[in-house]
Amino acid sequence: MSPPAPHSPAHDEEGAPRGAWARAWPHLLLLPFTALTLVPALWVVKMALRPAQSFDLSLSPLPEAWSLSNFEAVVGAPLFWRQAFNSVWVSALTTLVGVLFSATAAYALSRYRFPARRAALGALLVTQMFPGTLMMIPLYYLVDALGLLNEVAGLVLVYSATAVPFCVWNLKGYFDTLPREIEESALMDGAGPVALFWRVVLPLSRPALAVTALFSFMTAWNEYILAATFMSDERAYTFPVRLQQYVGEFSAEWGYFAAGALLVSAPVMALFFALQRQLVGGLTAGGVKG
Amino acid sequence: MSPLASPPARPQGLVAPALAAVASLALSAVALTQASRYHAGALTAWLAAEVSAPPPGAPQAQALAALGARVEARRLAPAPAPAPASAPGYLRPLLHLDGAGGAARVTDKEWFDAYWAPREAWTAAGGAAWRRGATGEGEARLVTRATPLAPRPLPWGALLGGALAALATWVLVARRGGGARGAGLAAAALASAAAGAPALLHAAALEGQGAALAAALGGAAAPALPLAALAPLTAALPWLALGVAHLFTRGRASPHRLAYAYLAPTLLSVGLLVFVPFALGVALAFTRHQRGELVWVGLQNFVEILSGGDYALTHPLNFYFTLGVTVLWTVLNVALHTTLGLTLALLLNRGGLRLRGIYRALLIVPWAIPSYITALIWRGMFHQQYGLINHALGALGLEPVAWMGSFWGAMAANVATNTWLGFPFMMVVSLGALQSVPRDLYEAADLAGATPWQRFRHITLPLLAPALSPAVVLGSVWTFNMFNVIYLVSGGQPGGATDILITEAYRWAFEQDRYGYAAAYSLVVFVILLAYARLTQRLTRAAEEVYG
């Protein structure tokens, strides 16, 4: 790669180790482990691509017969597009509300010192420990009392409230790492405190905002149990609720389930790949450190 | 105080109170509509449940028609055959209430009964029915058709009057000078009083409607007043908010008003949708559910849990046994997550590694798949007969393993699933943390002739620890409460032995129909986690002091 540098005996200036063996052995660990990691996912892909509903019994990574019939059946099912739209709409609104709420709150918690600051931070952290079993029935009553059962708004409210605490902590950690000098110089240039946040801090925080948006989105996109509880009308179902019915009470249609699972996972997967750089940066700095 | 000082407060004009008046009007209208709808829904359900459909032409039928309601309902006894119980209850629809001829709303009590006892809801021909009682005895109801009562029109004039009166009060009092705080609160109080009158009148009219039905058909209808009483409260909210805002702009707290404004949406939503349900859940922990009623039992639930009930220490239903399993589960998982995640991150972070991007992308695949899907996939993979894992063992010439037949087998299946699910998070956190370790430290170590282990032990680990420890704490809290994997992979098999506290709580609530007990159980789980978090906070602080 690069010529030997005199200052470092075992590594070149990129930090890369010298010698064929030193370069090769990480692959000996990484390759088998990555392959092992992908087995369950590939198994699902295979089940989705074969025209059967039973469990797959062969060890071959390729299906014995190829068919898109599972996908056709899932997409062609009554109300599929309606339910897909529900999922997209709920997730988009949750992401929007979650990011907006958590960004403003995180900024206040990061930059201002006010009497209830520590209490607010603590309260948000404590919510991560609330057991779901304790919350479910009261939440049902609450959403019912608000008249929002079977309504997208009910799910959006609950999802954003669930996602916001983690997002606030993540963003606050990131804001904490932004040097204040930038804001101070903007202040000198005559920016008001409001413009400071919207025009200076937010644009600087794109990686962390992207990660926060991803988490908000996933909270809504992947959630099953509350959606199943709140949405009793088939027209109001989200994707996960529909999906579990393939292997639910009256059926074990693993082919449909696998096809549906791929459809549900695909957008999140795409977002993960698109954002993986930001994921490393945005989570770290943000991390969860207080 | 930060360098970001607030601008001087501007004098308050008419815009804010006018907005508050409009908001107050809208809110009280919404509250009244909801109260009215709720009442109508409750009446409908009462009709569907308690009243047989009157024959056409009967005085009862005329009374119903006069109120815009139509009911056809009958009772079925005994219950039809129970639904197949193949799927786990968690994945079963909790309630089926939409019938062929329109949905019927049910009252709280009915919802509770239906939610509580059966969960094995099944659709019967032409409608929805649900079984009462855990044993399958008792009655089933078939709601064929229950047209909701038409909600009453809102008293718009009275609402508008209330809002205008409140606005006038605010303007008169606030313009007079004097304490802005007192003025805000006085106006808010007046506004709520003004808006309260029509709300209560409306509720009284609703109750009259219910009473008329009850008189015609016999029986008692649902009250409307308690819910309608919320309307004045919601009407007062904007005025209270205005008063508080005034307080911050003119009063002591003004320098922080921007901070509070930024925080308000988060605190409001989290407060209403996380803390309020939590508080209600806590209240439930002191009750017992009996025939649809909640009975206050004080500390009885907690005493029963913490004394281990009547079960021996080795019995899966004993609290301490489950606690032990939970701790074991958490420790195993967090250890595996951290070790795997850190190892992979270190490998990926080696300078000059080829294919790094591809490895990283493929290794976060498990994170991107929803956990309930992962759990169902792995349950399939561990299936004794059809599962991939036993087939792989067979190909190697080994005997198939009955994974769910033994405690350690089921535990291994759970841990394998959760490890697959959770290592990418730790890997990504570690990768990020590694980026902040300055490279010249390693160069210096190289010059000093440090071994790889010494480099890890004395440079990497101490620098990573502060960034990793919060992630480890959070990860252990999440694992402690990881419901999906346990419930869907092992389902507690064998005999509930691999249940952790959170799945056990769920079973008490939704399989044993003991919601108060389950709430108390969940509360104990929460207290344990809180204690753990406090402890680790102390430890982190101590560690920070040690490391400087």
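Bear in mind that the values here come from a model prediction, so they are computed numbers and not experimental data.

Each value, and the rule that gives it
Residues numbered from 1 in each chain as written. Chains lettered and ligands numbered in written order. Predicted model: local features only at pLDDT ≥ 70, side-chain atom pairs only at ≥ 80, totals over all residues. Helix = DSSP H or I, 4+ residues; strand = E, 2+ residues; numbered from the N terminus. Buried ≥ 20, exposed ≤ 12 C-beta atoms within 10 Å, placed from the backbone. Contact = placed C-beta atoms within 7 Å. Core = buried A, V, L, I, M, F, W, Y, C linked by C-beta atoms within 7 Å. pLDDT = per-residue confidence, 0-100. Axes fitted to C-alpha atoms, helices over the stretch in contact; angles between N-to-C directions. Parallel < 35°, antiparallel > 145°, perpendicular 65-115°, else oblique. Left-handed = near helix turned anticlockwise from the far one by under 90°. Nonpolar A, V, L, I, M, F, W, Y, C, P; charged D, E, K, R; others polar.

### Considering the overall build of chain B
And step 1. The helix and strand inventory of chain B stands at 20 helices and eight strands.
And step 2. Per-residue burial over chain B gives 42% buried out of 548 residues.
And step 3. A separation of at least 24 residues holds for 71% of the contacts in chain B among residues at least 6 apart in sequence.

### Considerations on the overall build of chain A
And step 1. Tallying secondary structure elements over chain A gives twelve helices and zero strands in all.
And step 2. Ordering the α and β elements of chain A from the N terminus gives α-α-α-α-α-α-α-α-α-α-α-α.
And step 3. For chain A, the proportion of its 290 residues judged to be buried stands at 46%.

### Observations concerning the nonpolar core
And step 1. Counting 163 residues, the largest nonpolar core has A:Val158, A:Val168, A:Ala258, B:Ala505 and B:Tyr521 as its most contacted members.
And step 2. Among the elements that make up this core, the one with the highest residue count is helix H6 (residues 152–177) of chain A (15 residues).
And step 3. Apart from residues lying up to four places away in sequence, B:Ala505 is in contact with A:Pro131, A:Thr133, B:Ala518, B:Tyr521, B:Ser522 and B:Val525.
And step 4. The next biggest cluster of nonpolar side chains, apart from the first, holds 15 residues, and it includes B:Leu159, B:Ala166, B:Leu167 and B:Ala236.

### Some points on the confidence of the model for chain A
All names here are of chain A.
And step 1. Of all residues in chain A, 87% have pLDDT values of 70 or greater, and the mean over the chain is 80.
And step 2. Element-level mean pLDDT values for chain A span from 78 in helix H12 (residues 254–286) up to 91 in helix H3 (residues 80–111).
And step 3. Contacts of residues 284–290 to residues separated by more than four positions or lying in other chains number 29 contacts, the stretch itself having pLDDT below 50.

### Here we look at the packing of helix H15 (residues 407–435) of chain B against helix H18 (residues 483–490) of chain B
All names here are of chain B.
And step 1. Between H15 and H18, the least distance of the axes is 10 Å, while the angle of their chain directions is 135°. As summarised for this structure, H15 and H18 are arranged oblique, according to the angle between their axes. As H15 packs across H18, the resulting crossing turns out to be right-handed. Mapping the contact onto sequence places Ala410, Ala413, Asn414, Thr417, Asn418 and Leu421 in H15 and Val485, Ile486, Val489 and Ser490 in H18.
And step 2. Taken together, the residues that form the contact of H15 with H18 break down as six nonpolar, four polar and no charged.

### Comments concerning the confidence of the model for chain B
Residues and elements named next belong to chain B.
And step 1. Considering every residue of chain B, the mean pLDDT works out to 69; 60% of them sit at 70 or more.
And step 2. Of all secondary-structure elements in chain B, the lowest mean pLDDT belongs to strand S4 (residues 122–124), at 29, while helix H10 (residues 319–348) reaches the highest, 91.
And step 3. A low-confidence stretch, residues 1–11 stays under pLDDT 50, and its non-local contacts, those more than four residues away or across chains, total 20 contacts.
And step 4. Note that pLDDT drops below 50 for residues 72–148; the model gives that stretch 155 contacts with residues more than four away or on any other chain.
And step 5. Here the prediction assigns the complex a pTM of 0.67, and the interface score ipTM is 0.81.

### Some remarks on the packing of helix H13 (residues 371–381) of chain B against H18(B)
Any two packed helices are characterised by how steeply their axes cross, that is the angle between the axes, and by the distance between the axes.
Residue and element names in this part refer to chain B.
And step 1. Where H13 contacts H18, the two axes come as close as 8 Å, and the packing angle between them is 25°. As summarised for this structure, H13 and H18 are arranged roughly parallel, according to the angle between their axes. You can see that H13 and H18 cross each other, and the crossing is right-handed. Contacts between H13 and H18 pair Ser371, Tyr372, Ala375, Leu376, Trp378 and Arg379 from the former with Asn484, Val485, Leu488 and Val489 from the latter.
And step 2. In terms of residue class, the contact of H13 with H18 is built from seven nonpolar, two polar and one charged.

### Here's the deal with unusual backbone geometry
And step 1. Positive phi outside glycine occurs at A:Asn150, with the angle close to 65°.
And step 2. By the element assignment, A:Asn150 lies in the loop between helix H5 (132–145) and H6.

### Focus: the environment of B:Val325
All names here are of chain B.
And step 1. Of note, Val325 is situated in helix H10.
And step 2. Spatially, the C-alpha atoms of Val325 and Leu501 are 8.4 Å apart, while their sequence positions differ by 176 residues.
And step 3. Not counting chain neighbours up to four residues away, the residues in contact with Val325 comprise Thr498 and Ile500.

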